[in-house]
Amino acid sequence: PMLFKAFTAQCFAGPRDETPSRPDSMRALDEMGELRAESGAESIGARVTRLVAACASGDSKACLAVGLMKLEGTGMPQDIQGASDHFQRACDAKNGKACFFLARTYDGLVGMDGRGLPRDTVQAGGYYHRACDLGVGEGCYNFAQLLDRGLSAAATS
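We now turn to the structure provided with this report. (Residues numbered from 1 in each chain as written. Predicted model: local features only at pLDDT ≥ 70, side-chain atom pairs only at ≥ 80, totals over all residues. Heavy atoms only, no water.)

Within the largest apolar cluster, 33 residues are counted, with the highest numbers of intra-cluster contacts made by F87 and Y128. For this core, the secondary-structure elements that each account for two or more residues are helix 3 (44-56), helix 4 (60-72), helix 5 (80-92), helix 6 (96-106), helix 7 (121-133) and helix 8 (137-148). Of the residues forming this core, the biggest block, eight residues, is contributed by helix 4. Other than its neighbours up to four places away in sequence, F87 contacts L64, G67, L68, L71, A98, F101, L102 and T105. (Core = buried A, V, L, I, M, F, W, Y, C linked by side-chain atoms within 4.5 Å. Buried < 20%, exposed > 50% of the residue type's maximum accessible area, 1.4 Å probe, protein only. Helix = DSSP H or I, 4+ residues; strand = E, 2+ residues; numbered from the N terminus. Contact = heavy atoms within 4.5 Å.)

So, in structure tokens, the structure goes:
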């Protein structure tokens, strides 16, 4: 039943705007409006400062945005562990996209140059499952893929 739930959630999640030239993390920042250049808009440094303060105050969307910026090195040095820490804060606050990106850090899908977190498919599966439960279709799909490969059985117990 769990694999069926994950599969159907992904299949019926609706169309996604795919832009192959941009990483998922940058598209997510675009969706949040954090990288749009508008006349009179605040500088990237001021935006980072504002988002870090908002995250510290418990704003899960701001924590997600800071995590994504750290992941990509946008407005600050790239820091996979720092990104993961911010994703964790947002995921703990039930932000499904943050759970999805946190899972990716454990799934070996970011930081392939050796600067990322050690691969841990059980952790990845747990966070994909949580992202799925919070309505993120990609989390359902990736969780089902891990289950299909038999890599995350412990995450379901």
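The structure having been displayed, the exposition proceeds.
Checked against the element boundaries, G73 lands in the loop between helix 4 and helix 5. C-alpha of G73 to C-alpha of A83: the two residues are ten residues apart in sequence and 9.7 Å apart in space.

It is worth spelling out the side chain of N142 at this point. With respect to the helices and strands, the residue N142 is situated in helix 8. Residue classification places N142 among the buried positions, given a relative accessible area of 15%. Beyond its immediate stretch of four places on either side in the chain, N142 contacts F100, L109 and Y128.

Per the stated rule, a full pass over the model turns up three disulfides. There is a disulfide in this structure between C55 and C63, and the S-S distance comes to 2.0 Å. Because the torsion about its S-S bond is 95°, the bridge between C55 and C63 counts as right-handed. Put simply, C132 and C140 are joined by a disulfide, and their sulfur atoms are 2.1 Å apart. (Disulfide = S-S within 2.5 Å.)

Another point: the packing of aromatic side chains. Under the definition given, this model contains four aromatic pairs. When the centroid spacing of 5.3 Å and the interplanar angle of 75° are considered together, the rings of F100 and F101 count as edge-to-face. F101 shares its class with F100; the two are buried. Their ring planes at 50° and their centres at 5.9 Å tell us that F100 and Y128 sit as a pair that is tilted. Here the residue F100 occupies a position in helix 6, and Y128 occupies one in helix 7, the gap between them amounting to 28 residues. The buried category is assigned to Y128, whose relative accessible area is 0%. Each residue in the set F87, F100, F101 and Y128 is aromatic and connected to the rest through ring pairs, giving one cluster. (Phe/Tyr/Trp six-rings, centres within 6.5 Å; stacked < 30°, edge-to-face > 60°.)

Let us now look at the packing of helix 4 against helix 5. One can describe the packing of helix 4 onto helix 5 by two numbers: an axis separation of 8 Å at closest approach and a directional angle of 165°. Regarding the angle of helix 4 to helix 5, the classification is roughly antiparallel. When the axes of helix 4 and helix 5 are compared, the crossing they make is left-handed. Residues S60, C63, L64, V66, G67, L68, K70 and L71 of helix 4 pack against I80, G82, A83, H86, F87, R89 and A90 of helix 5. Here the contact of helix 4 with helix 5 is built from residues that sort into nine nonpolar, four polar and two charged. (Axes fitted to C-alpha atoms, helices over the stretch in contact; angles between N-to-C directions. Parallel < 35°, antiparallel > 145°, perpendicular 65-115°, else oblique. Left-handed = near helix turned anticlockwise from the far one by under 90°. Nonpolar A, V, L, I, M, F, W, Y, C, P; charged D, E, K, R; others polar.)

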